Amino acid sequence: MKDIEYRCVDAARGGLMFLRAVPGVGLGERVRVVDSHGQERTGQVIRATEELLLVQVFEGTDHLNPEETWVRFLGEPFHITLAPGILGRVFNGIGQPRDQRPELLSNLRRNVNGSPVNPAARAYPREFIETGVSAIDGLNSLVRGQKLPIFSGSGLPHNELAAQIVRQARLPGEESDFAIVFAAMGMSHNEARFFEENFEASGVLGKVAMFINLADDPVIERLILPRTALTAAEYLAFDRDMHVLVVITDMTQYASALREVATAKGDVPSRKGYPGYLYSDLAEIYERAGRIKARHGSITMVPVVSMPSDDITHPIPDLTGYITEGQIVLSRELHNQGVYPPINIPPSLSRLMKDGIGKDHTREDHPRVASQIYASYARALEVRNLASIIGAEELSSSDQQYLDFGSSFEARFVGQGAEEGRSIGQTLDLCWELLSQLPRQELTRVSEADLARYYVSEREEAPAA
Amino acid sequence: MQGRITELNGPIVTAELPGIATGEQVHLGALGIVGEVIARERDEAIIQAYESTESLCPGDTVEALGHPLSVELGPGLLGQIFDGIQRPLEKLFSRHGDKLPRGDNEPGLARERGWAFEPNPALKEGQHVAGGAQLGTVPETETIEHRILVPPGIEGELLEIAPAGSYNIENVIAHVRDTHGDIHELQLFHRWPVRHARPYKQRDNAVAPLLTGQRILDTFFPLLKGGKGAVPGPFGAGKTMVQQQIARWADADIVIYVGCGERGNELVDILETFPNLTDPHTGRSLMERTLLIANTSNMPVVAREASIYVGVTLAEYYRDQGYDVVMVADSTSRWAEALREVGGRLGEMPVEEGYPAYLASRLAAFYERAGRVETLGDRRGSVTLIGAVSPPGGDFSEPVTAHTKDIVETFWALSKPLADARHYPAVDWTDSFSGYAAVAARWWKEEISPDWESTRAEALALLSQADELTRIVNLVGPEALSPAQRWALEGASLVKQGVLQQSALDPVDSYCDPHKQVALLQAVLKLYDTGRELLSHGIPVQELLRQPLLAEARRLKGLESKDDADPIADFDSRAENSLAELRGQYLRQQEGSA
Ligand SMILES: Nc1ncnc2c1ncn2[C@@H]1O[C@H](COP(=O)(O)OP(=O)(O)OP(=O)(O)O)[C@@H](O)[C@H]1O
Ligand SMILES: [Mg+2]
């Protein structure tokens with residue numbers, strides 16, 4: 001059947017082709033489509049009855065003439081070819097080279113949909129990654145095998161932050177040993193160039209596999225691109241024992257493509273027109289991050305999710321937050337004040353931080369000092385809010401101190417700039433320096449022993465007379 | 001019975017299968033993918049598949065299995081991790097490696113293992129037995145004696161019972177002849193259809209609180225053994241942490257943790273940590289009383305719906321043996337979404353946000369399986385159900401949260417602002433409620449402290465007064481408050497930081513026993529009350545706010561009490577002395593100046 005071409009297309013619209021059924025064609029099967037100009041496209045069977053097949057075409061269905069379109073069924077689901085040579089290469093969403101270099105040669109081919117990982121096969125992630133970014137390392141630590149998205153908005157510097165993480169991420173005291181899988185959907189040519197130049201400048205280009213779908217590339221290809229990229233990441237991590245950092249941007253583009261196809265298929269919409277299965281669909285992608293028992297490698301995932309109109313309750317960031325192991329939220333307000341990276345601390349969270357920090361990982365006081373910073377900064381924001389109502393001069397002297405703490409925390413701790421990479425020790429020392437602006441008895445989330453060791457009281461600072 | 005697939009639409013498969021009953025299980029295609037018939041229209045059966053349907057073709061065969069979705073009940077359940085239809089995941093891992101296979105229908109219970117069966121000495125051959133009668137026992141773990149009961153529905157004369165010895169679960173250990181003369185061979189295990197609640201003699205009142213060691217839960221919004229509770233909250237607010245804390249510390253005999261559409265790593269966390277944690281009530285490894293069911297978010301959606309029923313059926317089975325069982329389900333929203341997905345693909349009319357009309361009744365029927373009962377064998381046992389709810393956008397008015405709120409008696413509402421300030425557990429004292437407080441009060445009064453009710457009421461009143469005062473401050477500034485009101489704000493802050501906040505990660509404070517819960521709250525309130533009295537003597541509120549005692553009170557919860565030292569009592573007496581001294585000083589000063 002692989003060798004037979006059929007002319008069985010009844011209709012084509014919205015990226016979908018309706019075919020008269022061909023016996024023996026299975027759900028998920030890959031289809032090669034040749035249009036009247038001899039151009040090839042790739043599709044996949046997404047619904048099958050005894051009379052009819054529904055095929056989604058990754059290159060879209062523009063300029064398709066059903067009467068003059070030939071299809072061939074390849075007898076297998078979607079596979080990509082894998083070899084160590086994927087590093088340093090650029091592919092499109094279905095794994096074809098986009099860098100004018102030859103196709104990969106290898107006997108190893110894998111189904112891009114994969115099967116779900118057996119939960120009993122997972123190993124719990126606990127190795128602290130130093131990103132050099134204080135707001136992440138100190139307060140929302142990333143560990144190997146975690147999925148930690150960046151929630152952003154249009155015009156905010158999520159690309160810069162993602163590039164900075166790629167450039168700086170390492171285990172404390174070690175050289176970076178990450179391979180990088182970069183998956184881009186709906187990205188502009190400029191942004192793509194930004195990343196390429198960045199990878200080149202930091203000397204990692206040879207360790208990056210890129211899967212690119214640009215803003216003017218077919219929309220439906222975005223549905224398969226993250227799956228292709230993650231199949232490559234799994235190969236690098238679990239066959240080739242590498243630690244892989246996967247940057248996926250932008251998941252909102254992915255979800256829009258999903259909505260487009262779902263609407264064309266007539267699926268029942270739930271919130272904002274997205275199909276009810278958006279949660280499970282996103283989870284299939286995000287849950288491919290992690291560690292596996294008795295395997296050396298790992299997949300750490302940093303997806304970028306842009307929040308339409310900066311709304312964190314929009315279905316895409318919302319469902320993402322329900323699946324990932326925390327989130328780094330960017331703030332337009334901080335960005336407008338010139339703070340880089342503009343990480344909004346209160347809504348940011350790393351759920352895997354608890355097992356990756358402290359004694360044996362970072363420093364013994366880390367969990368408590370992080371919790372103290374969160375509490376004190378929350379108080380500072382309350383006071384700032386109060387000051388905006390009653391005027392700063394009306395504040396008590398202790399509230400005044402909180403106000404000052406809040407400003408220097410944002411300026412010095414969060415706003416570290418794009419060039420500086422800080423060690424975790426420097427980050428924690430800075431936490432204490434800032435907390436020491438507050439009265440000692442206010443710091444009840446740290447222990448007396450921590451205070452004795454790290455709190456810098458004014459008296460000690462004054463030169464001995 | 002065999003049939004033929006006619007249509008494939010994601011997990012929904014249509015097949016020509018005349019005469020099949022709804023609810024019956026089927027195997028699809030050559031791989032034998034498991035599915036369940038959910039509807040019949042003439043000769044067509046509509047089937048939901050529990051595994052991916054990739055590569056199935058129209059025309060492939062369907063084989064009916066002749067029974068509904070059932071679980072195996074017998075020794076060997078505890079300490080295991082199963083998928084949503086009770087396949088043993090550890091065994092699949094050792095057989096197939098990292099990824100889940102399709103069509104491997106390994107049964108839930110291990111066949112090869114031998115169990116030391118001890119027959120019930122009170123039973124005589126020839127005696128009449130019925131469902132629930134105890135045939136004997138098997139030591140399933142060091143702490144849990146597995147009681148082998150006559151399955152519900154079987155009744156008659158006990159012809160024969162096996163002597164003490166080692167048996168595997170398929171060995172026949174008793175013969176019973178029913179009134180029709182049919183002879184039933186009873187094994188160490190039996191099967192039960194998961195969508196049918198297991199029968200009991202009658203419902204009983206729940207009387208004892210489920211102690212979780214979490215102050216905001218036990219003291220403020222108690223749940224009873226046999227009760228139904230829910231934990232709603234936006235992402236990251238701490239639903240899973242609350243449920244894991246309950247799984248760790250609750251004074252239940254058996255804990256069933258259902259990971260329904262959530263993260264794989266959360267289950268691994270339990271698998272890796274529980275074996276090394278000790279149950280504070282028995283001193284044994286926690287894993288000996290725990291059982292996990294995992295349908296993580298990347299596993300097939302349809303099995304998510306089944307996983308909840310598999311879990312509650314296992315819970316009822318241990319309840320029937322006379323145990324107090326707690327089942328936590330994380331998250332019931334994913335279960336509801338699975339219903340919605342199947343409903344949508346069947347073209348059912350959605351009512352609210354795409355959910356089918358039967359959402360509310362399904363939820364209610366599920367929670368009805370909670371309860372404390374008198375079992376068929378005249379034991380007392382209970383199933384406590386605790387469901388996490390994950391409202392889209394954190395909006396509690398959405399259908400799953402709203403219906404759940406109407407059904408449960410204990411509602412632990414998690415708040416995003418509290419979680420953002422890292423106030424954990426982020427249980428909101430205004431939006432949460434417990435309909436069990438009056439019953440719990442009786443227990444606390446008798447067992448722990450005669451003043452429990454008034455202490456709790458005082459704390460709740462102080463918290464709500466402070467919320468009101470905060471609103472005023474935010475309108476007109478702190479200067480508008482009287483000294484007593486400023487002290488009330490400080491008192492509430494002491495309660496929040498010193499009592500309500502309880503880090504699951506703190507080695508000392510992760511679990512707080514009931515005596516400490518009461519002592520801590522009383523110590524903090526006494527400090528507040530004494531301060532109030534000092535204010536009435538004219539001592540300035542600034543003077544009180546300067547006291548180092550306040551910082552100490554906030555740290556008190558984390559101090560370890562040893563045999564010879566009780567930090568709370570110690571603090572209490574020091575606070576009393578130093579406040580008395582302050583008052584003395586002040587009164588002398590006033591006399592001096594007068
Ligand atoms: N009692 C607690 N003590 C300490 N930390 C807590 C506590 N509760 C929650 N946290 C912190 O909050 C994080 C998020 O909690 P959790 O994973 O339970 O949220 P959730 O409500 O289940 O979110 P989701 O709906 O996305 O699953 C935890 O990883 C932990 O860091
Ligand atoms: Mg959770």
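Note that the coordinates shown come from a computational prediction; the quantities given were computed from them, not determined experimentally.

### Here's the deal with the nonpolar core
Counting 161 residues, the largest nonpolar core has A:F182, A:I343, A:F409, B:I246 and B:W412 as its most contacted members. With sequence-adjacent residues up to four places away left out, A:F409 is seen in contact with A:L139, A:I345, A:I373, A:Y377, A:V414 and A:L434. By size, the runner-up hydrophobic cluster in this structure holds 76 residues, among which are B:I46, B:I144, B:L158 and B:L188.

### Re the pattern of salt bridges
Following the criterion strictly, the structure yields 79 salt bridges over all chains and no others. For the salt bridge of A:R72 with A:E5, the shortest nitrogen-to-oxygen distance reads 3.4 Å. Of this pair, A:R72 sits in strand β7 (residues 70–77) while A:E5 is found in strand β1 (residues 5–6), placing the two residues 67 residues apart along the sequence. For A:R72, a relative accessible area of 26% translates into the label partly exposed. What makes A:E5 partly exposed here is its relative accessible area of 34%. For B:R345, the salt bridge is made with B:E341, and the minimal N-O distance between the two is 3.0 Å. On the criterion of helical spacing, the pair formed by B:R345 and B:E341 is a turn pair, its members being four residues apart in helix α6 (residues 332–345). Overall, B:R345 belongs to the partly exposed group, its relative accessible area being 23%. We classify B:E341 as buried; its relative accessible area is 11%.

### Quick notes on the domain arrangement of chain B
Looking at the assigned domains, one finds that chain B contains domain 1 (2–68), domain 2 (110–188), domain 3 (202–436) and domain 4 (452–593). Put simply, the middle of domain 2 of chain B and the middle of domain 4 of chain B, counted by C-alpha atoms, are 59 Å apart.

### Let's talk about the confidence of the model for chain B
Here chain B averages 94 in pLDDT, and 100% of its residues register 70 or above. Our summary of model confidence lists the complex with pTM equal to 0.95 and ipTM equal to 0.93.

### Regarding the packing of helix α10 (residues 366–390) of chain A against helix α12 (residues 424–435) of chain A
All names here are of chain A. Remark: α10 packs on α12, axes separated minimally by 11 Å, with the N-to-C direction vectors making an angle of 45°. As the angle between them shows, α10 and α12 are arranged oblique. Crossing angle aside, the handedness with which α10 passes α12 is left-handed. Contacts from H366, V369, Q372, I373 and S376 of α10 reach α12 at I424, L428, C431, W432 and L435. For the contact of α10 with α12, the per-class residue count stands at seven nonpolar, three polar and no charged.

### Points about the sheet that holds strand β12 (residues 145–149) of chain B
All names here are of chain B. As summarised here, the arrangement of the four strands in space is β12-β11-β9-β14, forming an open sheet in which the pairing is antiparallel. Bordering the open sheet on either side are β12 and β14 (165–167), each of which pairs with just one other strand. Geometrically, the sheet is characterised by an average inter-axis angle of 40° between neighbouring strands, direction not taken into account.

### Structural notes on the interface of chain B and chain A
Taken together, the contact between chain B and chain A spans 76 residues of the former and 75 residues of the latter. Taken over both partners, the interface formed by chain B and chain A buries close to 6100 Å², and the fraction arising from carbon and sulfur atoms is 53%. Remark: the boundary between chain B and chain A carries seven salt bridges. A salt bridge links A:R126 to B:E272; the nearest nitrogen and oxygen atoms lie 2.6 Å apart. Summed over the shared surface of chain B and chain A, the number is 37 residue pairs in polar contact (both at pLDDT 80 or more). When contributions to the side of chain B that touches chain A are tallied by element, the ones reaching two or more residues are β1 (2–9), α1 (89–96), α3 (239–249), α4 (264–273), α6, α9 (416–420), α11 (452–476) and α15 (549–555) of chain B. Each residue belonging to the side of chain B that touches chain A can be placed in one class, and the counts come to 29 nonpolar, 23 polar and 24 charged. Relative to β1(B), strand β5 (residues 40–49) of chain A runs antiparallel, the two being bridged by two bridges.

### Considering a nonpolar patch on the surface
A cluster of nonpolar side chains, contributed by B:I472, B:L475 and B:V476, occupies part of the molecular surface with about 280 Å² of accessible area. Residue position: B:I472 is located in helix α11.

### Brief notes about α3(B)
Most of α3(B) sits out of view: 10 of its 11 residues are buried. B:K239, B:T240, B:V242, B:Q243, B:Q244, B:Q245, B:I246, B:A247, B:R248 and B:W249 are the residues of α3(B) that are buried.

### Here we look at the sheet that holds strand β15 (residues 172–177) of chain B
All names here are of chain B. Spatially, four strands are ordered β10-β13-β15-β16 in an open sheet, and the strand pairing comes out antiparallel. On the outer flanks of this sheet lie β10 (128–129) and β16 (183–187), each paired with one strand and no other. Direction of pairing for strand β13 (residues 156–161) relative to β15: antiparallel, over a ladder of four bridges. Within the sheet, the bridge partner assigned to L158 lies in β15 and is V176.

### Thoughts on the pairing of strand β16 (residues 208–214) of chain A
Residue and element names in this part refer to chain A. Along β16, seven of the seven residues are buried, which leaves the element largely enclosed by surrounding structure. Where burial is concerned, the two faces of β16 agree: the one with V208, M210, I212 and L214 and the one with A209, F211 and N213 are both buried. Relative to β16, strand β9 (residues 90–91) is paired through two bridges, and the arrangement is parallel. Across the sheet, F91 pairs through a bridge with F211, a residue of β16.

### Regarding the packing of helix α5 (residues 302–320) of chain B against α6(B)
Residues and elements named next belong to chain B. Running from N to C, α5 and α6 point in directions that differ by 130°, and their axes come no closer than 8 Å. Between α5 and α6, the angle falls in the class oblique. Crossing geometry of α5 relative to α6 is assigned as left-handed. On α6, the residues that touch V302, R304, E305, I308 and Y309 of α5 are R334, W335, A338, L339 and V342. Classifying every residue of the contact of α5 with α6 by side-chain character gives seven nonpolar, no polar and three charged.

Procedures and definitions
- Residues numbered from 1 in each chain as written.
- Chains lettered and ligands numbered in written order.
- Predicted model: local features only at pLDDT ≥ 70, side-chain atom pairs only at ≥ 80, totals over all residues.
- Heavy atoms only, no water.
- Core = buried A, V, L, I, M, F, W, Y, C linked by side-chain atoms within 4.5 Å.
- Buried < 20%, exposed > 50% of the residue type's maximum accessible area, 1.4 Å probe, protein only.
- Contact = heavy atoms within 4.5 Å.
- Salt bridge = Lys/Arg side-chain N within 4 Å of Asp/Glu carboxyl O.
- Helix = DSSP H or I, 4+ residues; strand = E, 2+ residues; numbered from the N terminus.
- Domains from an automatic or database assignment.
- pLDDT = per-residue confidence, 0-100.
- Axes fitted to C-alpha atoms, helices over the stretch in contact; angles between N-to-C directions.
- Parallel < 35°, antiparallel > 145°, perpendicular 65-115°, else oblique.
- Left-handed = near helix turned anticlockwise from the far one by under 90°.
- Nonpolar A, V, L, I, M, F, W, Y, C, P; charged D, E, K, R; others polar.
- Pairing = 2+ DSSP bridges.
- Buried area = accessible area lost by both parts, 1.4 Å probe.
- Polar contact = N/O pair within 3.5 Å; in protein donor to acceptor, adjacent residues only side chain to side chain.
- Patch = residues over 30% accessible without salt bridge, like charges linked within 9 Å, V, L, I, M, F, W, Y side chains within 5 Å.
- Areas by Shrake-Rupley, 256 points an atom, 1.4 Å probe, with all protein chains shown as cover.

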